[in-house]
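Here is what each chain is made of, one letter per residue.
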Amino acid sequence: MTTKTPIDATDDDGSLAPVSRANRDAAQIVVTDWPRRDMPAFTGGAREPRYQVLVRQSVLNKIHRHGKSVEETEVCGVLVGNVHHDAAGPWLYVEQAIEGNGATERAAQVTFTAETWAHIQLVMDRDYPDRRILGWYHTHPGFGIFLSDMDVFIQDNFFGEPWQVALVYDPKAGEEGLFLWRNGRPQPDPFLVESDEPGRIDPHHHPGPRRLLRHAREHGVGRCRRPRRPPRRHRAPPAHDPDAPRAPGPLLPRLAPGRRRLPAGSAPPGTRAPAHHAPVR
Ligand SMILES: [Zn+2]
């Protein structure tokens with residue numbers, strides 16, 4: 001395993017190297033890397049002097065519709081927007097979401113295949129050229145809000161910047177939770193909501209971190225519970241599947257922040273890593 005110096009190490013093109021994976025933490029976000037912008041009006045909590053995530057209600061509504069459209073199947077997509085900072089510190093503005101339409105339906109497993117990335121890349125280039133991929137969302141139909149080992153693997157390999165997040169939604173329970181990097185692992189964290197369109201928000205809608213941790217203790221964080229499903233979902237698919245992530249290595253080469261495109265020939269044929277990863281300078 002290579003060990004990189006966090007933050008201050010630079011690539012040959014002068015961009016910042018990724019932070020060390022072992023102690024990845026939202027506290028490593030460098031405020032001055034990101035443009036100044038005051039948070040719009042929000043509900044769901046208070047602006048605290050730390051990294052916080054603001055999600056538009058329209059994004060939540062879109063994720064809810066996506067999850068409820070196939071309630072028995074896990075679905076996934078990416079969160080889109082930008083990182084900003086205000087007087088209280090850095091904050092994440094989740095303004096859009098892109099459904100992972102290209103995902104295979106096989107075994108209802110949440111994976112980011114080459115087709116999924118190609119679709120996401122196309123929508124990013126076409127609709128959100130000035131935004132970046134902030135993380136991902138996926139659904140746990142009926143088995144609660146937590147991250148399985150496979151989810152952590154995906155977070156680690158595809159969404160490993162200290163500012164990137166994961167959102168899990170249970171369409172049956174009507175609950176959702178957000179996870180951000182803390183001490184090298186995605187941890188539950190409450191998020192703020194911008195009411196840009198009508199949506200139902202009640203205490204059951206956003207289980208607090210304490211409730212999420214209790215759920216993790218009771219149900220385990222090692223795997224997703226899958227009622228009435230074979231235990232294949234959320235496991236790393238067989239290594240011969242060319243589209244699927246393979247433990248222990250990442251499916252796609254990690255992009256150094258500042259680099260918008262993979263170098264030619266660095267990705268497997270037909271695959272592309274998210275290019276909207278990098279801080280604007
Ligand atoms: Zn999951």
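Nothing here was measured: the structure is a model prediction, and the numbers come from that model.

Chemist: A description of the nonpolar core should follow, citing residues and the corresponding values.
Modeler: Ranked by size, the top nonpolar core spans 51 residues in total, and within it Val53, Leu54, Leu79, Leu92, Val94 and Val165 carry the most contacts. Ranked by the residues each element gives to this core, the list is headed by strand β3 (residues 89-99), at six residues. Discounting residues that sit within four places of it in the chain, Val53 has contacts with Leu92, Val94, Val165, Leu178, Leu180, Phe191 and Leu192.

Chemist: Kindly report on the pairing of strand β5 (residues 165-170), identifying the contributing residues and their values.
Modeler: Burial within β5 is extensive, with five of its six residues counted as buried. In this fold, strand β4 (residues 132-139) hands off to helix α3 (residues 149-158), which returns the chain to β5; that crossover is right-handed. In this sheet, strand β6 (residues 175-182) lies alongside β5 in antiparallel orientation, the contact comprising six bridges. What sits directly across from Asp170, in β6, is Glu175. Here β5 folds back onto β6, and the loop between the two strands holds four residues, one of which, Gly174, carries a positive phi near 70°.

Chemist: With reference to specific residues and values, describe the environment of Leu92.
Modeler: The topology assignment puts Leu92 in strand β3. Its 27 C-beta neighbours within 10 Å are what place Leu92 among the buried residues. Along the chain, Leu92 and Val53 lie 39 residues apart, while their C-alpha atoms are 4.6 Å from each other. Excluding its chain neighbours within four sequence positions, the residues that come into contact with Leu92 are Val53, Leu54, Gly81, Val83, Leu134, Trp163 and Val165.

Chemist: Could you give an account of the sheet that holds strand β2 (residues 76-86), with specific residues and numbers?
Modeler: Overall, mixed pairing links the eight strands, which are arranged β7-β6-β5-β4-β2-β3-β1-β8 in an open sheet. Either end of the sheet is taken by a strand with one partner, and the two such strands are β7 (185-189) and β8 (192-194). Pairwise comparison of adjacent strand axes, ignoring direction, gives a mean angle of 30° for this sheet. Sheet topology note: the strand β1 (residues 52-56)/β3 ladder contains four bridges and is parallel. Bridging across to β3, Gln52 finds its partner in Trp91. Set on the sheet, helix α1 (residues 57-69) makes contact with β1, β2, β3, β4, β5 and β8; between it and β3 the angle comes to about 40°.

Chemist: How would you sum up unusual backbone geometry? Please name residues and give values.
Modeler: In the Ramachandran plot, Asn183 falls in the positive-phi region, its phi being about 55° despite a non-glycine side chain. Considering the arrangement of structural elements, one finds Asn183 in the loop between β6 and β7.

Chemist: Give a detailed account of the pairing of β7, specifying residues and quantitative values.
Modeler: As judged from the five bridges shared by β6 and β7, these two strands associate in the antiparallel manner. Residue pairing for β7: Trp181 is matched across the bridge by Pro186.

Chemist: Residue-level account of the confidence of the model for the protein, with values.
Modeler: Looking at the protein, the pLDDT average stands at 73 and 60% of residues meet or exceed 70. Here helix α4 (residues 209-219) stands out as the element of the protein with the lowest mean pLDDT, 48, in contrast to β1, whose mean of 98 is the highest. Note on residues 1-17: pLDDT is under 50 here. Beyond four places in sequence and across chains, it has 27 contacts. Every residue in residues 201-205 scores below 50 in pLDDT, and together they form nine contacts with partners more than four places removed in sequence or on other chains.

Chemist: I'd like a description of α1, backed by residues and values.
Modeler: The terminal C-alpha atoms of α1, which comprises 13 residues, lie 18 Å apart, in line with the 18 Å expected from a rise of 1.5 Å per residue. Turning to α1, its buried residues are Val59, Leu60, Ile63, His66 and Gly67. Viewed end-on, α1 has its buried residues packed into an arc of 125°, placing them on one side of the element. Exposed residues pointing more than 90 degrees away from the buried face of α1 are listed as Arg65 and Ser69. Against β1, β2, β3, β4, β5 and β8 lie the buried residues of α1.

Definitions and limits used
Residues numbered from 1 in each chain as written. Predicted model: local features only at pLDDT ≥ 70, side-chain atom pairs only at ≥ 80, totals over all residues. Core = buried A, V, L, I, M, F, W, Y, C linked by C-beta atoms within 7 Å. Buried ≥ 20, exposed ≤ 12 C-beta atoms within 10 Å, placed from the backbone. Helix = DSSP H or I, 4+ residues; strand = E, 2+ residues; numbered from the N terminus. Contact = placed C-beta atoms within 7 Å. Right-handed = clockwise from strand over helix to strand, strands pointing away. Pairing = 2+ DSSP bridges. Axes fitted to C-alpha atoms, helices over the stretch in contact; angles between N-to-C directions. pLDDT = per-residue confidence, 0-100. Expected span 1.5 Å × (residues − 1). Arc of directions from axis to C-beta.

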